[in-house]
Amino acid sequence: MIPWLLAGCAASLLPGEAVLGEDVAAVAVTGEAGAALGTRLALGPEGLLATAPGLGEVWGIDADGAVRWRWAVAPAGGLLDAWWGPEGAEALVRGEGIFRRDPDAEGPGERVRALDETWTAAAPCPDGSVALAEGAGSAVACGEAGELRSTCAEGSCAVSLRDPATGEEVVLDETTPGSAVGFRGDGTACWGDVRAEEPTWTGEVRCADGLVLSGAEGEHLGVALAGDRAAGWFDKWIVPARARALDLGGGEAWVVDRAAERSRLALASGDGLWAVGAPGWMGHDAWTGRVWILEAP
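Structure report, in brief.

What counts and how
- Residues numbered from 1 in each chain as written.
- Predicted model: local features only at pLDDT ≥ 70, side-chain atom pairs only at ≥ 80, totals over all residues.
- Heavy atoms only, no water.
- Helix = DSSP H or I, 4+ residues; strand = E, 2+ residues; numbered from the N terminus.
- Buried < 20%, exposed > 50% of the residue type's maximum accessible area, 1.4 Å probe, protein only.
- Contact = heavy atoms within 4.5 Å.
- Core = buried A, V, L, I, M, F, W, Y, C linked by side-chain atoms within 4.5 Å.
- Pairing = 2+ DSSP bridges.
- Axes fitted to C-alpha atoms, helices over the stretch in contact; angles between N-to-C directions.
- 1 Å grid on protein atoms, 1.4 Å probe; cavity = no way out; pocket = protein on both sides within 12 Å on 5 of 7 lines; lining within 4 Å.
- Points joined across faces, edges and corners; volume = space filled by probe spheres on them.
- Nonpolar A, V, L, I, M, F, W, Y, C, P; charged D, E, K, R; others polar.

**Structural notes on the side chain of Arg184**
Secondary-structure assignment places Arg184 in the loop between strand E17 (181–183) and strand E18 (189–193). On the basis of relative accessibility, which here comes to 16%, the residue Arg184 falls in the buried class. In contact with Arg184, not counting residues within four places along its chain, are Cys190, Cys207, Asp209, Leu211, Gly227, Asp228, Leu248 and Gly249.

**Overview of the nonpolar core**
Within the largest apolar cluster, 24 residues are counted, with the highest numbers of intra-cluster contacts made by Leu20, Trp254, Val256, Leu265 and Leu267. Secondary structure elements with two or more residues in this core: strand E21 (224–226), strand E23 (243–247), strand E24 (253–256), strand E26 (273–278) and strand E27 (290–295). Residues Leu48, Ala52, Leu273 and Ala275 belong to the second largest nonpolar core, which totals 16 residues.

**Considerations on the pairing of strand E5 (residues 57–61)**
Most of E5 sits out of view: five of its five residues are buried. Side chains Glu57, Trp59 and Ile61 project from E5 onto one buried face, and the interleaved Val58 and Gly60 project onto a second face that is buried too. Summarising the sheet, strand E4 (residues 47–52) and E5 pair through five bridges and their orientation is antiparallel. Within E5, the position partnered with Thr51 by the bridge is Val58. Hairpin connection of E4 to E5: four residues between the antiparallel strands, including Gly56 at a positive phi of 70 degrees. Where E5 meets strand E6 (residues 67–72), five bridges bridge the pair, whose relative direction is antiparallel. Bridge pairing in E6 places Trp59 opposite Arg70. Where E5 folds back on E6, the antiparallel hairpin that results is connected by five residues, among which Gly65 adopts a positive phi of roughly 90 degrees.

**Thoughts on the sheet that holds E6**
The four strands lie next to each other as E3-E4-E5-E6, forming an open sheet whose pairing is antiparallel. Each edge of the open sheet is held by one strand with a lone partner, namely strand E3 (41–44) and E6. Each adjacent strand pair in this sheet contributes to an overall mean axis angle of 20 degrees, direction not counted.

**Details of empty space enclosed by the protein**
Using the criterion set out here, one finds one cavity of 30 Å³ or more in the structure. Around the largest cavity sit Gly182, Phe183, Arg184, Cys190, Leu225, Ala226, Gly227 and Leu248, which together line it. Looking at the lining of the largest cavity, the elements with two or more residues in it are E17 and E21. In the lining of the largest cavity, the residues fall into five nonpolar, two polar and one charged.

Here's what the structure looks like:
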């Protein structure tokens with residue numbers, strides 16, 4: 001095992017940084033070997049959904065960190081996303097479609113929509129529908145302002161926003177595959193630019209109101225967006241090696257100090273809570289995954 005991957009933050013953090021679970025009070029939920037718990041997160045009135053794609057499972061977790069149920073919805077590696085729908089937990093399975101959990105039965109539950117393997121990401125909309133993204137590296141978010149998506153082909157992605165009232169779609173920018181899209185707390189559209197093929201790229205988040213925020217060397221900021229935070233991946237180019245969830249307004253940065261190199265963070269916010277997922281977090285085994293749940297400041 002490479003020592004710096006497991007050593008934690010032996011060196012000093014930058015001013016305004018705080019380690020989750022140590023400097024910042026948070027409940028931690030740890031996965032199992034190979035689970036990659038926390039790859040995708042969703043918060044709602046019924047608690048947290050955290051995907052464990054290595055197991056093909058979605059975990060239902062309450063605000064105190066208790067795992068209430070585990071939903072085996074897909075083969076290992078087939079689970080792409082999970083969210084709260086109007087009738088409970090739903091999940092996107094590669095090449096199969098959207099499934100809804102049946103709390104009274106074992107198995108994957110009811111398939112509510114068949115989809116082929118070109119559909120790679122999903123997001124719930126305020127009206128109860130589901131917005132979908134097509135193509136490897138594409139992303140989608142949905143809110144009162146409409147459907148925000150990146151559509152990727154040949155190494156480039158168009159970021160666009162579709163008005164829910166008129167159906168008009170406006171192209172906002174270009175970005176790179178694997179970059180997140182999302183809405184700030186005030187509804188402003190934002191998107192990342194991670195440039196995953198460039199090892200030392202800082203990453204960048206750009207918003208429709210003109211905000212531009214860059215990460216540190218090798219951080220690839222913009223792999224996750226939720227509320228007013230953006231995250232990158234676990235970065236060996238900064239010392240000590242760590243992954244960060246930055247406040248777009250300049251507030252305290254949350255730090256994960258123990259994970260596999262280049263493993264991404266995930267974020268979710270809602271119902272007075274925040275969740276941070278580190279699917280590459282390692283205990284005794286690699287890619288165990290861990291999720292931190294904390295009250296919104």
